[in-house]
Amino acid sequence: MYTANENRYEKMQYNRCGNSGLKLPAVSLGLWHNFGDTGNFENMKQMCFTAFDNGITHFDLANNYGPAEGSAERNFGKILKDDMASYRDEMIISTKAGYYMWPGPYGEWGSRKYLIASLDQSLQRMGLEYVDIFYHHRPDPETPLEETMEALAQIVRSGKALYAGISNYDGPTLEKATAILTDLHVPFVINQNRYNIFDRTIEKNGLKEKAKELNKGIICFSPLAQGLLSDRYLQGIPEDSRVRTDGRFLQENRINEDVLAKVRALNDIAAKRGQTLAEMALAWILKDGYVTSVLVGASKPSQILDNIKAIENITFSEEELKEIDRISQG
C-alpha cells in the first residue's frame, strides 16, 4: 500500500482560485496523455505517487481522455481505489464533458442531457461519489448558454461536483456565463484554457483579463506546447517523440526550421536564467498571478519532478519578457 511523503506540502506553492475558498497547486497533473489503455499501468501509478509526494494535489481528467475514451478515468479510479483512497480528501479531482463521447445527438456538446449523463458515467468509471470540479469542456454554438449553465448548477446542487468550471471559452462568453451562474448561486471558480509562450489566444480573446476582473481562476493546459517548449526538439524531431508516435495534437509539419530556431533562442534565455526551457515556459505562465495553476502532462515520474522546479523562479525582468515576446511572436 502506498504511503505518501510526510513533507509533501512543503514542496509546493498553492494559489487561490479567484476569490473562492479553493486553492490549487501551482503545478497540477493532467491525465490527457499516457493514462489511457495504451499506457503502462505501473508507470501511471508511479506518476500519481510522485506527483502527490511532491504536493501536486490536483489530478485533471475528462470523459474522453484515453485512448480509448473513458480509459484514463477508469485507470485513475483503479489507482485511487487500490492505493490512494485514504488521501481522497486531500485531493482535487476534476473531469469534463463537452467533446464527442458516444454516438447520437446526446453524446457531445452542452445539453443538460449530455452533461449530467456524462458525469454519472465518469463517477462510475472512477468509483467516486463526487468530483471536486466539473467543467463544461467547450462552448456549444447551438445549445442556449442558460441551459448549459443550469446543468452545471444542478450538478453542483446534487452534490456530484463541489465546484463548476468552464473550458475553452473566450472573455465575452465567460462574462455571460459568470452572470448566469452568479444568479444561480453556483460556486463557479475556474477556467481551463490552452496557454503557452507560443499560443497567446487567451490574451487576444479577452479571457485572461476578464477572468482577473471577475475574480475567477485560470488553469492552463498545453503549457509546453505539446513538448515543443522543452529540450526534446532542440536538435530536431526525435524518433520516440509524440510527434512520431501520436500525431493527433502536434503534427510534424508544424515543426519547421523557423520554429526550431525560436525554440533554441528561447532555450538560450532559459539557460541564462539557470532554468531548462520547460521550467522557464511554466514559470512564464505563472509570472503575473493571473494563472492559478499549470497542467503538466508526463510520460515518466522524472518529468514531473523536473516541471515542479519551475516554481523556484517565476520572476522575469522586463528585458527577458520583451525578448521572449520578440522571439515567440515576431
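Residues numbered from 1 in each chain as written. Predicted model: local features only at pLDDT ≥ 70, side-chain atom pairs only at ≥ 80, totals over all residues. Heavy atoms only, no water.

J.: So what exactly am I meant to see when it comes to the overall build of the chain here?
T.: For the chain, the helix and strand inventory stands at twelve helices and ten strands. Compactness check: the chain gives a C-alpha radius of gyration of 19 Å against a globular reference of 20 Å for 330 residues, within 12% of the reference. The principal-axis extent of the C-alpha atoms belonging to the chain is close to 50 × 45 × 40 Å. A total accessible area of about 14200 Å² is found for the chain, and carbon and sulfur atoms account for 47% of it. With 38 positive and 45 negative side-chain charges, the chain shows a separation of 0 Å between the mean positions of the two kinds. (Helix = DSSP H or I, 4+ residues; strand = E, 2+ residues; numbered from the N terminus. Rg over C-alpha atoms; globule rule 2.2 N^0.38 Å. Areas by Shrake-Rupley, 256 points an atom, 1.4 Å probe, with all protein chains shown as cover. Lys, Arg positive; Asp, Glu negative; His and termini not counted. Charge placed at Lys NZ, Arg CZ, Asp CG, Glu CD.)

J.: Explain the sheet that holds strand S6 (residues 131–136) here, please?
T.: Pairing between the strands of a sheet comes from backbone hydrogen bonds, and it takes one of two forms, parallel or antiparallel. With respect to topology, eight strands assemble into a closed barrel ordered S3-S4-S5-S6-S7-S8-S9-S10, the strand pairing being parallel. Strand after strand, the sheet turns through a mean of 30° between neighbouring axes, direction not considered. Strand direction decides the pairing type here: strand S4 (residues 58–60) and strand S5 (residues 92–97), joined by three bridges, are parallel. Its bridge partner being in S5, Phe59 is matched across the sheet by Ile93. Docked against the sheet, helix H4 (residues 145–157) engages S6 and strand S7 (161–167), running at close to 155° with respect to S7. (Pairing = 2+ DSSP bridges. Axes fitted to C-alpha atoms, helices over the stretch in contact; angles between N-to-C directions. Contact = heavy atoms within 4.5 Å.)

J.: Before we go on, may I ask you to explain unusual backbone geometry in this structure?
T.: Excluding glycine, a negative phi dihedral is what most residues carry, and trans is how most peptide bonds are arranged. For the bond from Gly66 to Pro67, the omega torsion is 0°, close enough to zero to count as cis. The omega torsion of the bond from Pro67 to Ala68 falls at -5°, within 30 degrees of zero and hence cis. In this fold, Ala68 is placed in the loop between S4 and helix H2 (71–84). One non-glycine residue, Ala225, adopts positive backbone phi at about 50°. Within the secondary structure, Ala225 sits in the loop between strand S9 (217–221) and helix H8 (242–245).

J.: Even after reading the chapter, I still don't get the pairing of S7, so can you show me in this structure?
T.: A regular strand places its side chains so that they alternate between the two faces of the sheet. Of all the seven residues making up S7, six are buried; the element is thus mostly covered by neighbouring parts of the structure. Here S6 pairs with S7 via five bridges, running parallel. Looking at S7, one finds that Phe134 is bridged to Ala164. Read as a crossover between parallel neighbours, the route from S6 over H4 to S7 is right-handed. Bridging between S7 and strand S8 (residues 188–194) involves four bridges; their strand directions are parallel. If you follow Ile166 over to S8, its bridge partner there is Asn191. Handedness of the crossover is the feature at issue here: the chain leaves S7, passes through helix H5 (residues 171–183), returns alongside S8, and the resulting connection is right-handed. (Buried < 20%, exposed > 50% of the residue type's maximum accessible area, 1.4 Å probe, protein only. Right-handed = clockwise from strand over helix to strand, strands pointing away.)

J.: It is not clear to me how the environment of Glu90 should be interpreted in this structure. Could you clarify?
T.: Looking at the element boundaries, Glu90 is found in the loop between H2 and S5. The partly exposed category is assigned to Glu90, whose relative accessible area is 29%. Residue contacts for Glu90: discarding those within four places in its chain leaves Arg8, Tyr9, Phe52 and Thr57. A distance of 2.8 Å separates a polar atom in the side chain of Glu90 from a polar atom in the side chain of Arg8. A distance of 2.4 Å separates polar atoms of two side chains, one belonging to Glu90 and the other to Tyr9. (Polar contact = N/O pair within 3.5 Å; in protein donor to acceptor, adjacent residues only side chain to side chain.)

J.: Just to check I follow, could you spell out the packing of helix H1 (residues 41–53) against helix H11 (residues 301–308) for this structure?
T.: Any two packed helices are characterised by the angle at which their axes cross and by the distance between the axes. Interaxial distance between H1 and H11 falls to 8 Å at its minimum, and their mutual angle equals 25°. Between H1 and H11, the crossing angle belongs to the class labelled roughly parallel. In the crossing of H1 with H11, the sense of the turn from one axis to the other is right-handed. For the pair H1 and H11, the contacting residues are Asn43, Gln46, Met47, Thr50 and Ala51 in the first and Pro301, Ile304 and Leu305 in the second. Within the contact of H1 with H11, the residues separate by chemical class into five nonpolar, three polar and no charged. (Parallel < 35°, antiparallel > 145°, perpendicular 65-115°, else oblique. Left-handed = near helix turned anticlockwise from the far one by under 90°. Nonpolar A, V, L, I, M, F, W, Y, C, P; charged D, E, K, R; others polar.)

Note that all results are geometric; they support no functional claim without further evidence.
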